[in-house]
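The lines below spell out each chain.
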Amino acid sequence: MGNKEFEVVDINVDELALSLVGWQVVDAQCRLVTEPHARTGHKQQIAFSGTFRFLPEDWTDRFKSSDDRNYAPEVFLALNRRGTPAPSSNYRWVVLEKIKRAKNGVVRVAAQSDTWTCETPMTAKDIDLRVTAYDLDEVSDLYINSELSLPTLATTPIEISVVDETSAGTPSAKVTVATAYLSKADYRTTLTVHTEGTFEFGSAEDLLKEYCNQNGSRSYGSTVKDCAPFEVNVPEIGFEILDDTGFLLDDRTRRFYGHIPVDDQGNIPRRQPRWIARNVVDVSNLPGDPHRVVVRVADRVE
């Protein structure tokens with residue numbers, strides 16, 4: 001331990017995003033750990049320590065199943081180099097707790113990032129670390145047990161487009177962020193597709209029409225009062241990876257298993273749900289070189 005140096009890293013806590021899904025940060029600390037490395041000169045990583053409190057009464061607008069057997073919304077760490085565009089941050093959940101356990105006391109977590117090596121060590125002021133949350137999320141890294149990692153500087157953006165194929169009248173996806181980029185590391189090149197946005201919906205009557213569509217014509221002609229409470233599925237997000245000839249190299253589907261609820265009084269949520277969908281792919285596993293990505297928004301099919 002004597003050859004390690006520690007620096008305090010400032011944390012950007014997205015208090016509004018956390019509070020919307022019932023989370024409160026009691027304490028959050030981060031340190032940059034630096035130690036000598038025989039080949040490159042230095043080895044570094046970040047270490048995070050946090051205490052969170054879950055307040056289910058603050059989680060008023062819920063867009064996924066929420067009884068005690070289900071999980072509370074995940075809390076994410078997003079790591080980047082300061083001054084680099086936010087979508088190229090790397091993400092990892094740091095809190096994943098069932099509602100029953102989360103609401104019975106504070107949740108304490110400790111997390112460490114993957115290590116990186118460098119000749120000139122980074123300082124704490126070079127690190128951008130955020131704590132945030134979403135209503136609905138589908139975030140996967142290269143491997144299920146991947147550690148939070150510092151994004152490489154060797155990134156190349158590739159073309160990305162968004163196609164909405166949802167039926168008329170259904171909740172639609174407003175995509176506010178859509179990026180795709182190649183990241184070259186020492187041993188592999190990865191493709192990261194990152195999308196964020198909100199699911200937009202209309203009145204309770206609009207949702208009732210879609211509810212009838214999603215359930216056949218079982219409730220056709222009924223009023224909101226007759227059918228309440230009920231819920232309407234949100235769309236799913238698909239990622240298509242293509243080469244320069246249009247050949248489909250791979251496709252991934254991000255399913256949120258979320259819904260827009262109408263309560264027993266016929267009331268709809270007061271806000272649109274925020275979502276994030278993200279995937280990391282090892283380029284060496286693809287049958288060609290990725291050239292562009294198409295994001296397809298489609299109705300969720302049961």
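Described in the following lines is the structure provided in the data block. (Residues numbered from 1 in each chain as written. Predicted model: local features only at pLDDT ≥ 70, side-chain atom pairs only at ≥ 80, totals over all residues. Heavy atoms only, no water.)

## Concerning the overall build of the chain
Consideration 1: A count of helices and strands for the chain gives four helices and 21 strands.
Consideration 2: A compact globule built from 302 residues would reach a C-alpha radius of gyration of about 19 Å, and the chain, at 21 Å, matches this within 12%.
Consideration 3: Along the first, second and third principal axes, the C-alpha set of the chain runs to 75 × 55 × 30 Å.
Consideration 4: The proportion of buried residues among the 302 residues of the chain is 46%.
Consideration 5: Sequence-distant contacts in the chain: of pairs separated by 6 or more residues, those separated by 24 or more amount to 74%.
Consideration 6: Of the accessible surface of the chain, which amounts to about 15,700 Å², a share of 45% is contributed by carbon and sulfur atoms. (Helix = DSSP H or I, 4+ residues; strand = E, 2+ residues; numbered from the N terminus. Rg over C-alpha atoms; globule rule 2.2 N^0.38 Å. Buried < 20%, exposed > 50% of the residue type's maximum accessible area, 1.4 Å probe, protein only. Contact = heavy atoms within 4.5 Å. Areas by Shrake-Rupley, 256 points an atom, 1.4 Å probe, with all protein chains shown as cover.)

## A short note on the side chain of D61
Consideration 1: Relative to the assigned elements, D61 resides in the loop between β4 (41-54) and β5 (75-81).
Consideration 2: In this structure the side chain of D61 is engaged in a polar contact, spanning 3.4 Å, whose partner is the backbone nitrogen of R270. (Polar contact = N/O pair within 3.5 Å; in protein donor to acceptor, adjacent residues only side chain to side chain.)

## Brief notes about the pattern of salt bridges
Consideration 1: Tallied over the full model, the rule gives 14 salt bridges.
Consideration 2: Residue R271 is joined to D135 by a salt bridge in which the shortest nitrogen-to-oxygen separation is 2.8 Å. Linking R271 in the loop between β19 (259-262) and β20 (274-282) with D135 in the loop between β9 (127-133) and β10 (136-139), this pair joins segments that are 136 residues apart in sequence.
Consideration 3: A residue is classified by how much of its surface remains accessible, and R271, at 17% relative accessible area, is buried.
Consideration 4: According to the relative accessible area criterion, D135 is buried, its value standing at 5%.
Consideration 5: The salt bridge involving E240 is made with R296; its shortest N-O contact spans 2.9 Å. With E240 in strand β17 (residues 236-242) and R296 in strand β21 (residues 292-298), the pair connects residues that are 56 residues apart, well separated along the chain.
Consideration 6: A relative accessible area of 26% places R296 in the partly exposed class.
Consideration 7: Via salt bridges that share partners, D61, D135, R270 and R271 belong to a single interconnected network. (Salt bridge = Lys/Arg side-chain N within 4 Å of Asp/Glu carboxyl O.)

## Overview of unusual backbone geometry
Consideration 1: The omega angle of the peptide bond from A228 to P229 is 0°, so this bond is cis rather than trans.
Consideration 2: For Y257, which is not a glycine, the phi torsion comes out positive at approximately 50°.
Consideration 3: Turning to its location among the elements, Y257 is positioned in the loop between β18 (248-254) and β19.

## Considerations on the environment of S65
Consideration 1: Looking at where S65 falls in the secondary structure, it is placed in the loop between β4 and β5.
Consideration 2: Residue S65 is classed as partly exposed on the basis of its relative accessible area of 43%.
Consideration 3: Between the alpha carbons of S65 and T166 there is a distance of 23 Å; along the sequence they are 101 residues apart.
Consideration 4: Other than its neighbours up to four places away in sequence, S65 contacts N70 and H259.

## Some thoughts on the pairing of strand β7 (residues 107-112)
Consideration 1: Only one face of β7 is covered, namely the face carrying V107, V109 and A111; the face carrying R108, A110 and Q112 is uncovered.
Consideration 2: Summarising the sheet, β4 and β7 pair through six bridges and their orientation is antiparallel. Among the inter-strand pairings, F52 is bridged to a residue of β7, identified as V107. (Pairing = 2+ DSSP bridges.)

## Points about the packing of aromatic side chains
Consideration 1: Enumeration over the complete set of coordinates arrives at nine aromatic pairs.
Consideration 2: Taking the centre distance of 5.9 Å and the plane angle of 65° together, the rings of F54 and W59 count as edge-to-face.
Consideration 3: Residue classification places F54 among the buried residues on the basis of a relative accessible area of 2%.
Consideration 4: Cluster of aromatic residues (ring-pair linked, three or more members): W23, F52, F54 and W59.
Consideration 5: R31 extends its terminal NZ or CZ atom over the ring of F6, reaching a point 5.4 Å from the ring centre.
Consideration 6: Seen from the ring of W93, R92 lies directly overhead, with NZ or CZ sitting 5.5 Å from the centre. (Phe/Tyr/Trp six-rings, centres within 6.5 Å; stacked < 30°, edge-to-face > 60°. Lys NZ or Arg CZ within 6 Å of the ring centre and 35° of its normal.)

## Digging into the environment of F6
Consideration 1: In this structure, F6 sits in strand β1 (residues 5-8).
Consideration 2: Sequence separation between F6 and G238 is 232 residues; the distance between their C-alpha atoms is 42 Å.

## Description of the nonpolar core
Consideration 1: Residues L191, F230, I237, F256, W275 and V293 are the most contacted members of the largest nonpolar core, which totals 35 residues.
Consideration 2: Per-element tally for this core: the top contributor is helix α3 (residues 204-214), with five residues.
Consideration 3: Leaving out residues up to four positions away in the same chain, V293 has contacts with I158, E159, I160, S161, A180, L191, V193, E240 and I241.
Consideration 4: Formed by 32 residues, the second largest nonpolar core is a distinct cluster that contains L32, F52, A102 and L148. (Core = buried A, V, L, I, M, F, W, Y, C linked by side-chain atoms within 4.5 Å.)

## With respect to the side chain of E240
Consideration 1: Polar contacts involving the side chain of E240 include one to the side chain of R296, which spans 2.9 Å.
Consideration 2: Those residues in contact with E240 that sit more than four places away from it in its chain are L248, D250, D251, R292, V293, V294 and R296.

## Notes on α3
Consideration 1: Those residues of α3 not exposed but buried are A204, L207, L208, E210, Y211 and C212.
Consideration 2: Taken from the residues just after α3, G216 is the one with a positive phi, measuring 70°.

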